[in-house]
Amino acid sequence: MEPPEGKNISFLIKERARELGFDLCGFAPSGILSEHESRLKTWCSQGMNGDMAYLARNIEKRINPDFLVPGAKSIIVTGLNYYSERQQGGNGVPVISRYAYGTNYHDVIKEKLDLLIDYIKIQNPEAEARSFVDSAPLLEKAWAKEAGLGWPGRHSILINKSIGSFFFIGIIVVTIRLDYDNPSVEDHCGECRLCIESCPTAAINENRTIDVRKCIAYLTIESKTPATVAQAEKFGGRVFGCDKCQEVCPWNARAKRHTVAEFEMNKELKEMTTEDWLQLTPAKFKELFRKSAIGRRKYHRFMETVELVSKNM
Ligand code: SF4
Ligand code: SF4
């Protein structure tokens, strides 16, 4: 089959992305994100990556998609809204972050991205492509900005004017040229500093980076060492992630509920009491979180946090 002209394939990819349920889709020309190299190196050298040592490794590879897909020409960036009202927590019940309410987003998005790749290959069988969801080798937020999806807020999370910031970024690196979107260059935070002022642990730096060593999301999900009592006292009952800086952001005031069935929280999880959380057995943990992002955390680490936070609310 003769591949359609660049313009047509760009249009068709965006149309297919919409059909697959993506809320956003933009294209950027591939290239080396050189301006991010020194920023990333400085951030890591200050220890702000905590014990995520992998972030400090191979930075020259992480800024160059050609290492991932030789001959990369374009970066396709998708956004998938996961916003919903708070479904659980409060009154002493441990709180989990919205992004972990349903099925692990990696699986949900990867499947959609791979269907999009199948479609691209039908249009152009010579295209080589790989999909990435929240994976270390790519600077996803930087590419989302390049593809016009939004700007990094003071809390460092990407914000889109239409849907806010509660969305997952998915990426396809591909060897065909597309019609590129204009990068997002404007900063729509204005004078607002609500996220900085509301962060319970003062983890947001003035230069739109996060000191992960202070961030509740890191301390409850990635950290290899338990949080201290002094830290846990500031967690506000959060045991897996933190939405605070996004909750206060005016750009999320009109966020619409997602429409992804897999992101729905099951009834049992919604109704768990503090006692239920504290008595979670390894078998129950596995059953409840087998398909969830929470299941990526080791049981004993997760329970360590549940116990510590419950005692220090
Ligand atoms: S996720 Fe929570 S702790 Fe981390 S920067 Fe945002 S408000 Fe602060
Ligand atoms: S809360 Fe205000 S400063 Fe923070 S990201 Fe939102 S608009 Fe920007």
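The structure under discussion appears in the preceding block.
Residues numbered from 1 in each chain as written. Chains lettered and ligands numbered in written order. Predicted model: local features only at pLDDT ≥ 70, side-chain atom pairs only at ≥ 80, totals over all residues. Heavy atoms only, no water.

## Topic: the site of ligand 1
Here is step 1 of the chain: In the region of ligand 1, the neighbouring residues are Cys199, Pro200, Thr201, Ile204, Ile210, Cys215, Ile216, Cys242, Lys244 and Cys245.
Here is step 2 of the chain: Here the residues of the shell around ligand 1 are counted per class, giving eight nonpolar, one polar and one charged. (Near = heavy atom within 4 Å. Nonpolar A, V, L, I, M, F, W, Y, C, P; charged D, E, K, R; others polar.)

## Quick look at the environment of Asp51
Here is step 1 of the chain: Within the secondary structure, Asp51 sits in the loop between α2 (34–45) and α3 (59–62).
Here is step 2 of the chain: Sequence-wise, Asp51 and Lys224 are 173 residues apart; in three dimensions their C-alpha atoms are separated by 7.2 Å.
Here is step 3 of the chain: Asp51 has contacts with Tyr218, Glu222, Ser223, Lys224 and Thr225, leaving out every residue within four places of it along the chain.
Here is step 4 of the chain: Within the local environment of Asp51, its side chain forms a polar contact with the side chain of Tyr218, the two groups lying 2.5 Å apart.
Here is step 5 of the chain: At 3.4 Å, the side chain of Asp51 forms a polar contact with the backbone nitrogen of Lys224. (Helix = DSSP H or I, 4+ residues; strand = E, 2+ residues; numbered from the N terminus. Contact = heavy atoms within 4.5 Å. Polar contact = N/O pair within 3.5 Å; in protein donor to acceptor, adjacent residues only side chain to side chain.)

## Re the site of ligand 2
Here is step 1 of the chain: The immediate surroundings of ligand 2 are formed by Gly153, Arg154, His155, Ile159, Cys189, Cys192, Leu194, Cys195, Cys249, Pro250 and Trp251.
Here is step 2 of the chain: For the shell around ligand 2, the per-class residue count stands at eight nonpolar, two polar and one charged.
Here is step 3 of the chain: Here the shell around ligand 2 gathers at least three residues from each of two domains, domain 1 (6–86 + 101–174) and domain 2 (194–253 + 265–311). (Domains from an automatic or database assignment.)

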